[in-house]
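# Per-entry structural report
Now for the letters of each chain:
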Amino acid sequence: MASTTAQQGGPAPGRPAAGTPGGAPSGGPSARVSAALWRRAWLRATLTLSPPLAWFLVIYLASLVVMLVTAFWTVNPFTNTLVHSWTLANFRQLFTSTYLTIIGRTIGMAALVTVTDAVLAFPFGYYMARVASHRGRQLLFTAVLLPLWASYIARVYAWIVILQKGGTLSWFFTKIGLGAVNIGYTNTAMWLVFSYIWLPFMIVPVYGALERIPDSLLEASGDLGARNWRTVRSVLLPLALPGVVAGSIFTFSLTLGDFITPLLVGGANSNFIGNVIYTNLGTAGNLPFAAALAVVPIVIMVFYLLGARALGAFESV
Amino acid sequence: MSRWTRGGALLAAASAAVLIAGCGSSGGPASSSSGGGGATAGLTPPQAGTAVPSSVGKTEGHLNLIAWEGYAQPQWVKPFQQATGCQVSTKYAGSSSEMVSLMANGGGGQYDLVSASGDADLRLIYGGDVKPININLIPSWKQFHPFLQSPPFNTIGGKHYGVSYEFGPNVLLYSKKTFPTAPTTWGVLYDKKYSGQITVPDNPIQIADAALYLSRTKPSLGITDPYELTQPQFTAAVNLLKQEHPLIKKYWALASQEISLFQSGTTVVGAAWPYQTNTLVAAGAKVADTIPSQGATGWADTWMLATKAPDPNCAYKWMQWVTTPKIQAQQAVYFGETPANQLACPIMNTIQKGSCAAYHANAPESYFQTIKFWKTPLAQCGNGKNDCVPFQQWVTAWTQIVG
């Protein structure tokens, strides 16, 4: 900020030749600062970038480091105060069957939701990008983004009403003669709700990727004798893959970190990593173990993002 | 325990609480407070020797509370401020542990009072974070139900570490369609007959409910207090809950969840608070609640005075104020719980017809004797051997049961 202000305030730095040390013609301090900054690009960059960089380092990374350090401490079981003695016990506890089950369930659900959303988003994105009229595309875009206007909690509660016993879904199934269904408070319910809630985050990047594919490539594929399915498989899918992978980062990480949907629509076997973290923070006051658990999604996401980069998700989106 | 759930009335507020609690503060490491660690903590509270005032002095003009959401409502805070000149600031806590963390180091010289539940009381007392009060400065105390005048969870060695406030039992809620007559045993929660139609709270203290049931049905275990369990007793209770797990439809975290589970008929029997029963009955649902023959667990809250309370006189004024029959009644009806003051009953009925009986505020003493009130499970459990299972292991075991 400082540098921009100085530049605007001083004379236009149009003649570098005049800039002998100490000899700036118009003489004012702001002009001198301006000139000095103009001559030293690295200083200008440093001044412009340091506030956001400091924010990133102090607020974002430092808090992560603090959390990581906490994970190696324990808590006095009686007074709930932190005991600053180094131990790996928290991490060792992670590798017991209880927590491995929960971690496995969380990853499994995140993967399932991602696949579901990708399968739903691909034809939808294709229609939006390549078939629909301009007006139709606008309408569809609005329809996709419309749910994001409502609060997350409201949408999850809407699904409870739909899925619970005697709810809308059950009523509909009874009407069409399939009999009552009762999938409220199950992992199936959780899968449906997650897939619904994160779908827009998949559709938008997939649409973006599909829209950028030139028609000529598809025509060329046809001219070379490929049938429709072959064109989809060999041209469309590979070119849209970075978009799918980019979308999957959202759907996967959002599901991985969620704990409200399991709390609200999950059943008796629906604890996620986030729920256990919440219990350890809120009920047990065991910050160190919660911190150790919180490292798990971070590690998973690091590997996921490395994989995504290998698939080219960050190149063209 | 997760008490924000007990309010239940405001879904949005509750959801916000989930989010906020999720990123709750670490409470500051501070210096590990006096009192020492679990198993080695002495049996004498560190503040036991602190002198108590003989009268309430000049008020300080302000008061800082740590309270459950709904415990500092304008309808009784505003008149208090006018009457005493003490400006009330309230910090709402999401759980008992958050309260303990906030109260670390005697309230840090910042907080005066905390509305702690029984499961936090002993941690605060033995942590030296709260100090004894002169109970005679709170005249309404004499009007309390006898069992709440000097209960073991806030009175130790004849010293009162606060004044009891409100309480409630954890009841057995059932559908009248499934049970034409009230079930007489908690055993229905462990009965395969109701598989997939049972709901219990998602709360580690639920282990005490299983222990209470076992204390009557398996006397050979020798359980006398559901919060003081030796390893074999604890294991038996946890195993019972593990057997129950496949029968559970949902471990509820919000009172509203249980209400909707019963309203839709998804579940037919479960552990609940009177609040759920009353809300369901008011909505026309065919349900009722009961305390089975084994008795019940329950919660009881206490206003406790911080060791480093900066405004002790305002704090005493507050304890006097909120124990009067009128405020006791307002609080009970607002929150859906039972007042400690017996004279609150008729006032409850003027606020909401029939609420006194609905919340058992006029029940005979024998009714209250069936309730085993929450207290912190500690390693040292009265047998002098320090071989009981402390609370942290309860939490770990609960994750295993639910996970």
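Refer to the structure presented above.
One structure accompanies this document, and this report is about it.

About the criteria used
The numbering scheme is per chain: residues are counted from 1 as the chain's sequence reads. Labels follow written order: the first chain is A, the first ligand is 1, and so on. Per-residue local features of the predicted model are confined to residues with pLDDT of at least 70, and side-chain atom pairs are confined, for both listing and counting, to 80 or more; whole-chain, interface and lining totals are unaffected and use all residues. Throughout, an axis means a line fitted to C-alpha atoms (over the contacting stretch in the case of helices), and angles, computed between N-to-C directions, take values from 0 to 180 degrees. Here a strand is any run of E in DSSP of at least two residues, a helix any run of H or I of at least four, and the numbering for each starts at the N terminus. Helix crossings fall into two classes, left-handed where the near helix is turned counterclockwise from the far one by less than a right angle and right-handed where it is turned clockwise. Contact definition: two residues whose C-beta atoms, as placed from backbone geometry, lie within 7 Å. Classification convention: Asp, Glu, Lys, Arg as charged; Ala, Val, Leu, Ile, Met, Phe, Trp, Tyr, Cys, Pro as nonpolar; all other residues, Gly among them, as polar. Pairing between strands is defined by DSSP: at least two bridges between them are needed.

Moving on to the packing of helix α3 (residues 41-70) of chain A against helix α14 (residues 287-310) of chain A. Residue and element names in this part refer to chain A. Interhelical geometry of α3 versus α14 gives an angle of 115 degrees and a closest axis separation of 7 Å. Viewed along their axes, α3 and α14 form a crossing whose handedness is left-handed. Listed contacts from α14 to M67, L68 and T70 of α3 are L287, P288, A291, A294 and V295. A per-class count over the contact of α3 with α14 returns 7 nonpolar, 1 polar and no charged.

Let us now look at the environment of W321 of chain B. All names here are of chain B. Assignment of secondary structure puts W321 in helix α10 (residues 312-322). Separated by 176 residues in the primary sequence, W321 and H145 place their C-alpha atoms 17 Å from one another. In this structure W321 touches F80 and I327, once residues within four positions along its chain are discounted.

All names here are of chain B. In space, the 5 strands of this open sheet follow the order β9-β8-β10-β7-β11, with mixed pairing throughout. Single-partner strands in this sheet number two, and they are β9 (248-252) and β11 (287-290). Across the sheet, the axes of successive neighbouring strands diverge by a mean angle of 25 degrees, strand direction being ignored. Note that strand β7 (residues 171-175) and strand β10 (residues 269-272) share 4 bridges and pair antiparallel. When the sheet's bridge partners are listed, Y174 is paired in β10 with V269.

All names here are of chain B. A positive phi angle is found at N105, which is not glycine, with a value near 60 degrees. Take N105: it is sitting in the loop between α4 (96-102) and β3 (113-117). Positioned with a positive phi, H360 is a non-glycine residue whose angle comes to about 60 degrees. Among the structural elements, H360 can be located in the loop between α13 (355-358) and α14 (365-369).

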